[in-house]
Every structure is written in C-alpha cells, then in structure tokens.
Amino acid sequence: MKVAILSGSVYGTAEEVARHATDILNAAGFEAWHNPRATLADVQAFAPEAFLAVTSTTGMGELPDNLQPLYSTIRDQLPAAWRGLPGAVIGLGDASYGDTFCAGGEQMRELFAELGVREVLPMLRLDASESVTPETDAEPWLAELVTALRV
C-alpha cells in the first residue's frame, strides 16, 4: 500500500516525526512517501492509497507556511480519487496554548473529512510541553496505524 505523508513544520519537529513515520511504514512493508514541499501534482503522481498528515500549529492555530499552499490547493480541488481512502493525522502543539492546541492537526482532519478520507485512528496529539522526543512518543500510535492500514 502506498502511503503519502503530508507534513507541515516550522522548526522541523513535525518534519522529523514525518521522516520517522516514513521509516516505520517502509519497514512494515508499505511504500511510504514524504516530501515536505510537495505540491498537489507531486502527491497525485505518487498515486496514494492512504494518507498520514503530520503537522505542527502556528500563530493563532494556523497550519505552518510550508503546508498552507498544498492544503489550499487540495481544498480548492477536492480530488475525487481520494474519497474512501484510509487516513490519519498526527498533530503537534503545546497544550499551554489552550484552544489552539493541535489546531493545525484539526484542520487536516477536517480537510480529510471533506475529501472523504476515512479516519482509521483518532488523531495523535503530541504536546511539546510534555515531550522532548515526539518521534519516539509517536511510535506506539504508528504501530496501531500499521495494523489499521493492514485491515
């Protein structure tokens, strides 16, 4: 199964989690693809059969600048070929920001819902105020994702 990993990162932490997820999914026998500067054409050329979004949250709950153009293009076009595909989201944030904690991840969940992407696991919320190794903290959830994608 081909898994496209879409990521948005300000300081590189979400990108590091996405790279680690790529390694884990590839080791589990999937064909995982990650390009932090992907365009819609890049994603469509890969022809994904599943999605994983990994994103931090910026400012007042927005997506990082490197994910915003892809998000907007997908939202404008809503590729019908992705309807029904499995997907999941990892959101990174800081719980001390209250209402905007992991809001970038929530935006990706909403986009997936608009696309008809089937959420196979509840969003993983990684809290920067509690974790210094988010890529390691994501491993149990990623193991669950591997299982969910094999079903």
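Residues numbered from 1 in each chain as written. Predicted model: local features only at pLDDT ≥ 70, side-chain atom pairs only at ≥ 80, totals over all residues. Heavy atoms only, no water.

(A) Structural view of the pairing of strand β4 (residues 86-93). Across the 8 residues that make up β4, a large majority, 8, are buried. Here β4 shows two buried faces, one formed by Pro86, Ala88, Ile90 and Leu92 and the other by Gly87, Val89, Gly91 and Gly93. Sheet analysis places strand β3 (residues 50-55) next to β4, joined by 5 bridges and oriented parallel. Bridging from a neighbouring strand, Thr55 pairs with Gly91 of β4. For the crossover from β3 across helix α3 (residues 68-77) to β4, the handedness is right-handed. In this structure, β4 lies alongside strand β5 (residues 118-119), joined through 2 bridges in parallel fashion. Paired with Gly87 across the two strands is Glu119, which belongs to β5. As a crossover connection, the stretch from β4 through helix α4 (residues 103-115) into β5 is right-handed. (Buried < 20%, exposed > 50% of the residue type's maximum accessible area, 1.4 Å probe, protein only. Helix = DSSP H or I, 4+ residues; strand = E, 2+ residues; numbered from the N terminus. Pairing = 2+ DSSP bridges. Right-handed = clockwise from strand over helix to strand, strands pointing away.)

(B) View of the pattern of salt bridges. For the structure on display, the rule yields 6 salt bridges. Measuring nitrogen to oxygen at the nearest pair gives 3.1 Å for the salt bridge that ties Arg109 to Glu106. Separated by 3 residues within a single helix, Arg109 and Glu106 lie in helix α4, roughly one turn from each other. The exposure class assigned to Arg109 is partly exposed, which follows from its relative accessible area of 28%. Given the relative accessible area of 21%, Glu106 is considered partly exposed. The salt bridge partner of Arg109 is Glu119, with a shortest N-O separation of 2.6 Å. With Arg109 in helix α4 and Glu119 in strand β5, this pair connects stretches of sequence that are 10 residues apart. Owing to a relative accessible area of 40%, Glu119 belongs among the partly exposed residues under this scheme. Members of the salt-bridge network, linked through shared partners, are Glu106, Arg109, Glu119 and Arg125. (Salt bridge = Lys/Arg side-chain N within 4 Å of Asp/Glu carboxyl O.)

(C) Local environment of the UniProt feature "domain: Flavodoxin-like" (unreviewed entry) in the protein chain. Sites flagged by UniProt as "domain: Flavodoxin-like" (unreviewed entry) map to residues 3-146. Between the C-alpha atoms that bound residues 3-146 there is a distance of 11 Å. The span itself is 40% helix and 21% strand. (UniProt positions renumbered as here; feature names shortened; annotations may be inferred.)

(D) Representation of helix α6 (residues 139-150). When the terminal C-alpha atoms of α6 are compared, their 17 Å separation across 12 residues agrees well with the 16 Å that a helix rising 1.5 Å per residue should span. Of all the residues in α6, the buried ones are Trp141, Leu142, Leu145, Val146 and Leu149. Down the axis, α6 shows its buried residues gathered within 150° of arc, on one side only. Residues Pro140, Thr147 and Arg150 are exposed on α6 and point more than 90 degrees away from its buried face. Its buried side turned inward, α6 meets β1 (2-8), α1 (13-27), β3, β4 and β6 (124-127). (Expected span 1.5 Å × (residues − 1). Arc of directions from axis to C-beta. Contact = heavy atoms within 4.5 Å.)

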